[in-house]
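What follows is the residue order along each chain.
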Amino acid sequence: MGSEIIELDRQGLENVIVGETSICCVDQGQLLYRGYPIAELAEKCVFGEVAYLLLYGELPNAAQLKWFRDQLSEFHGLRKEVVDTLRMIPPGVPMMSVLRTCISMASHFDPVSGQTVEALRRRATWLLAVASDIVAARYRLLNGKDPIMPKPGAAHAHQMLYMFHGTEPDDLSTRILDLTLVLYGEHDFNASTFTNRVVASTASDMTSCTVSAIGALKGPLHGGANEEAIALILRFRNAQEADAWVRDALAKKEKVMGFGHRVYKHGDHRAVILEREMRKLAELKGRQDLVAIYDAIKNPMVTKEHPIYPNVDYPCGMVYYLLGLPPDLYTPLFACSRIAGWCAHYIEQIQHNRIYRPLSRYTGPTLRHVTPIDQRA
Ligand SMILES: CC(C)(COP(=O)(O)OP(=O)(O)OC[C@H]1O[C@@H](n2cnc3c(N)ncnc32)[C@H](O)[C@@H]1OP(=O)(O)O)[C@@H](O)C(=O)NCCC(=O)NCCS
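Because the structure is predicted, anything quoted here is derived from the model rather than measured.

**Student:** Whenever I open this one, the overall build of the protein confuses me. Can you help?
**Tutor:** In terms of helices and strands, the protein carries 16 helices and three strands. Computed over the C-alpha atoms, the radius of gyration of the protein is 22 Å, within 12% of the 21 Å expected from 2.2 N^0.38 for a compact globule of 377 residues. Dimensions of the protein along its principal axes, counting C-alpha atoms only, are 70 × 55 × 50 Å. By the burial criterion, 43% of the 377 residues in the protein qualify as buried. Intrachain contacts of the protein at a sequence separation of at least 6 include 77% that bridge at least 24 residues.

**Student:** I tried to follow the sheet that holds strand S1 (residues 24–26) on my own but got confused; where do I start?
**Tutor:** The strands making up a sheet associate through backbone hydrogen bonding, with each pair oriented either parallel or antiparallel. Judged by pairing direction, the sheet is antiparallel, and its three strands sit side by side in the order S1-S2-S3 without closing on themselves. Looking along the sheet, the strands with just one partner apiece sit at the ends: S1 and strand S3 (36–37). Here S1 runs beside strand S2 (residues 31–33); their pairing, made up of three bridges, is antiparallel. In the sheet register, Cys 24 faces S2, and the bridge partner there is Tyr 33.

**Student:** Sorry if this is basic, but what is going on with the site of the ligand here?
**Tutor:** Residues in contact with the ligand amount to 16 residues; listed here are only the nearest, Ala 225, Phe 259, Gly 260, Arg 262 and Asn 311. Here the residues of the shell around the ligand are counted per class, giving six nonpolar, six polar and four charged.

**Student:** Sorry, what's going on with the nonpolar core here?
**Tutor:** Where a protein is soluble and globular, its nonpolar side chains tend to be buried together. Core analysis: the biggest nonpolar cluster contains 107 residues, and Leu 99, Ala 131, Ile 134, Ile 297, Val 319 and Cys 343 have the highest contact counts within it. When residues of this core are assigned to their parent elements, the largest contribution, 13 residues, is made by helix H6 (residues 117–142). Beyond its immediate chain neighbours, meaning those up to four positions away, Leu 99 contacts Ala 131, Ile 134, Val 135, Ile 214, Pro 332 and Ala 335.

**Student:** How should I be thinking about the environment of Arg 69 in this particular structure?
**Tutor:** Within the fold, Arg 69 resides in helix H3 (residues 62–75). Considering only alpha carbons, one finds Arg 69 and Ala 203, 134 residues apart in sequence, at a separation of 29 Å. Once you skip the residues sitting within four places of it in the chain, Arg 69 turns out to touch Gly 48, Gly 153 and Ala 155.

**Student:** What exactly am I supposed to notice about the packing of H6 against helix H10 (residues 206–218) here?
**Tutor:** To characterise two packed helices, one gives the angle between the axes of the helices and the distance between these axes. One way to put it is that H6 packs onto H10 with a least axis distance of 10 Å and a crossing angle of 40°. Classified by the angle between their axes, H6 and H10 sit oblique to one another. Taken as a pair, H6 and H10 cross one another with a handedness that is right-handed. Contacts between H6 and H10 involve Leu 120, Arg 123, Ala 124 and Leu 127 on the former and, on the latter, Met 206, Thr 207 and Thr 210. Across the contact of H6 with H10, the residue classes tally to four nonpolar, two polar and one charged.

**Student:** Explain helix H11 (residues 225–234) to me, please; I cannot follow it from the model alone.
**Tutor:** For H11, a buried count of eight out of ten residues is recorded, marking the element as mostly surrounded by other parts of the structure. For H11, the elements touching its buried residues are helix H14 (288–303), helix H15 (313–322) and helix H16 (330–351).

**Student:** Would you mind showing me how to read unusual backbone geometry here?
**Tutor:** A negative phi angle is the norm for most residues apart from glycine, just as the trans form is the norm for most peptide bonds. Notably, Leu 13 is not glycine yet its phi reads approximately 55°, a positive angle. Within the secondary structure layout, Leu 13 lies in the segment before S1. Even without being a glycine, Asp 188 presents a positive backbone phi close to 40°. Considering the arrangement of structural elements, one finds Asp 188 in the loop between helix H8 (171–184) and helix H9 (191–200).

**Student:** Explain H10 here, please?
**Tutor:** Owing to its 3.6 residues per turn, the α-helix aligns residues three or four sequence positions apart on the same side. An ideal rise of 1.5 Å per residue puts 18 Å on 13 residues; H10 measures up with 18 Å between its terminal C-alpha atoms. Residues of H10 that are buried: Met 206, Thr 207, Cys 209, Thr 210, Val 211, Ser 212, Ala 213, Ile 214, Leu 217 and Lys 218. Structurally, H10 contributes buried residues whose contacts are with helix H5 (95–107), H6, H9 and H16.

Definitions and cut-offs
Residues numbered from 1 in each chain as written. Predicted model: local features only at pLDDT ≥ 70, side-chain atom pairs only at ≥ 80, totals over all residues. Helix = DSSP H or I, 4+ residues; strand = E, 2+ residues; numbered from the N terminus. Rg over C-alpha atoms; globule rule 2.2 N^0.38 Å. Buried ≥ 20, exposed ≤ 12 C-beta atoms within 10 Å, placed from the backbone. Contact = placed C-beta atoms within 7 Å. Pairing = 2+ DSSP bridges. Near = placed C-beta within 6 Å. Nonpolar A, V, L, I, M, F, W, Y, C, P; charged D, E, K, R; others polar. Core = buried A, V, L, I, M, F, W, Y, C linked by C-beta atoms within 7 Å. Axes fitted to C-alpha atoms, helices over the stretch in contact; angles between N-to-C directions. Parallel < 35°, antiparallel > 145°, perpendicular 65-115°, else oblique. Left-handed = near helix turned anticlockwise from the far one by under 90°. Expected span 1.5 Å × (residues − 1).

Now the structure itself:
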């Protein structure tokens with residue numbers, strides 16, 4: 001070992017195991033957070049329990065959940081410097097870029113000190129609170145309203161909706177937003193988590209890892225797909241238009257956003273759970289027209305010779321749209337949940353660390369020498 005070179009011809013590290021984790025298991029047959037199936041967590045737990053599970057390794061009892069919520073409450077509320085930064089950023093800047101910048105800014109006033117596991121869990125809790133505060137405050141500022149103070153002790157999804165709208169959210173919206181947060185919480189070595197772990201492996205700090213992961217999540221091939229998926233659905237006036245477009249896109253080998261997955265080749269467990277809820281929500285909101293378009297895009301994808309199934313972002317884009325949230329918030333909401341997973345991975349990585357430093361195969365020019373500048377053509 002050590003001097004042996006292993007050359008992989010698998011682009012994108014497909015089917016390559018690059019590390020160990022006890023946080024999440026993703027394979028064809030199941031998705032487990034710390035051993036619990038996602039369907040059970042989705043049915044029986046709220047996001048606060050799942051975030052606690054990811055960070056502490058076990059589900060909380062009622063007293064532990066209250067304690068965790070109290071910690072979140074303690075950390076909610078943005079400093080004036082961060083709100084001033086939010087006001088300075090031009091209105092057209094994507095919310096994911098705003099989140100990236102403002103988490104970085106807020107971290108200069110990090111209320112948690114130390115690198116013990118306990119301190120890191122507290123910093124993770126602070127990051128969860130501050131991320132949702134940033135997104136909510138920016139949303140309000142863009143709508144000509146001042147940021148509002150959080151509601152002490154509220155559950156995370158309730159708190160987010162309250163801080164967006166300044167009114168008590170209804171139970172259905174809270175429950176469905178909470179479900180999306182549970183489903184988005186963790187997904188092993190996906191692109192943003194791997195980014196986070198690579199940065200962690202340099203012994204960098206948790207906030208830098210989170211900011212790097214936000215950059216990775218922003219891309220439309222990763223978290224940005226939920227915004228792209230709803231943009232696609234809204235492009236069509238009816239199911240016929242959508243069906244014609246998707247068949248043409250497949251013929252031209254174009255990507256259909258919200259479909260496909262590197263690991264799941266027989267469907268994404270999270271998408272199945274969320275699609276069921278999306279259908280109920282659409283019925284309640286009287287938006288069967290959108291469901292018809294949703295299905296018209298989905299059907300040719302899943303019935304073709306080599307099916308490509310929806311991933312979680314496809315129904316999620318619809319769910320957030322039906323909840324009346326603007327598309328620029330969708331990927332940031334994903335980030336506000338995934339911070340729990342990223343931080344759990346940060347803690348795991350630094351406890352068993354060796355810096356990530358792969359090799360590359362050089363394909364550039366062979367050896368050549370520098371011509372002085374006055375002799376170059
Ligand atoms: C997620 C994603 C990046 C995975 O990429 P990947 O693992 O490299 O996928 P592959 O290239 O192995 O896909 C296998 C085949 O399915 C096709 N395919 C994959 N996703 C597709 C999609 N969304 N639309 C159309 N075709 C797709 C590929 O073109 C490829 O076809 P080929 O064998 O004829 O070349 C990719 O599916 C994608 O870009 N999806 C859209 C963006 C998205 O929804 N991202 C969120 C992921 S949770």
